[in-house]
Amino acid sequence: MSPTALIFVLCLVIAGLWAVMAYNRLVTLRNRIANAFAQIDVQLKRRHDLVPNLVEVARGYLQHEASTLQAVVAARGQAVQAAHSARSQPLNAAHLGALAAAENALGSGLGRLLAVAESYPELQANEQMRALHEELTSTENRIGFARQAFNDQVLEFNDAATQFPALIVARLLGFTPATMLLVVCACCAVVLYHKVRPEAAKAMAAALLAQTIIPAGYLMYDKCTTSEAVTRSEEHTSELQSL
């Protein structure tokens, strides 16, 4: 074998080994995302299990607030369904968007319930209610930490999959950027995602519209920049949270 052919074969071997290493790293990072989501899922299950107990305790005191209680129960049902879908495909942008919106709706419902409960001193003094409230607050904090860990893993994976030369392996083998789990209103989640991945945003919007979580005009900020969308979303937070 001539020196030129030997060098060529050696380059092919080195390139092949590098491609295998790049592929294995992307797979490892993708698996870490799934594992990080599993940690979120554990805390979401805990939150979902606490809600019926909280509603049942409050029901004994809030006979005239049936609509508030029913709204929390309905939001919890949507959140459970969204979590089930995201659990099966934690890298699916539409499922994550639906989960973020459903959890936001549940959080808004619980916030209204707790605000109403403040007008009932006897309910506030109920030991079971206080214990459930404290446990719910603790769970919310754990969800926040788990969500941050998940987003960190997503960022690490996306950096690895979009930087040259690993970008070549990622594109050839179908590694697409993962989606962060953001706590923003449903409308703005779709709008901001639309700025980065329009096709995936359409799928996310379709999932949210199907659950009537966002209105038909979900791209109301479509013509503005991402920073402007953030500013406008903050201005309309109270309005959007009432959806």
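Residues numbered from 1 in each chain as written. Predicted model: local features only at pLDDT ≥ 70, side-chain atom pairs only at ≥ 80, totals over all residues. Heavy atoms only, no water.

## Remarks on unusual backbone geometry
Next, step 1: Cis geometry marks the peptide bond from Phe164 to Pro165, where omega comes out at 10°.
Next, step 2: On the secondary structure map, Pro165 appears in the loop between α5 (127–162) and α6 (166–172). (Helix = DSSP H or I, 4+ residues; strand = E, 2+ residues; numbered from the N terminus.)

## Looking at helix α2 (residues 66–88)
Next, step 1: Counted at 1.5 Å a residue, the expected span for α2 with its 23 residues is 33 Å, and the 34 Å between its end C-alpha atoms agrees.
Next, step 2: Looking at α2, one finds that the buried residues are Thr68, Leu69, Val72, Ala75, Ala79, Ala82, Ala83 and Ala86.
Next, step 3: Of the surrounding secondary structure, the elements contacted by the buried residues of α2 are α1 (3–59) and α3 (93–117). (Expected span 1.5 Å × (residues − 1). Buried < 20%, exposed > 50% of the residue type's maximum accessible area, 1.4 Å probe, protein only. Contact = heavy atoms within 4.5 Å.)

## Some details on the pattern of salt bridges
Next, step 1: Counted under the stated rule, the structure contains seven salt bridges.
Next, step 2: For Asp41, the salt bridge goes to Lys45, with nearest N and O atoms at 3.8 Å. Note that Asp41 and Lys45 are positioned in helix α1 at a spacing of four residues, about one turn of the helix.
Next, step 3: Residue classification places Asp41 among the buried residues on the basis of a relative accessible area of 7%.
Next, step 4: Classification of Lys45 as partly exposed rests on a relative accessible area of 41%.
Next, step 5: Here Arg87 makes a salt bridge to Asp41, at a shortest N to O gap of 2.6 Å. Residue Arg87 is found in helix α2, and its partner Asp41 is found in helix α1; the two are separated by 46 residues along the sequence.
Next, step 6: Counted as one network, the salt bridges with shared partners bring together Asp41, Lys45 and Arg87. (Salt bridge = Lys/Arg side-chain N within 4 Å of Asp/Glu carboxyl O.)

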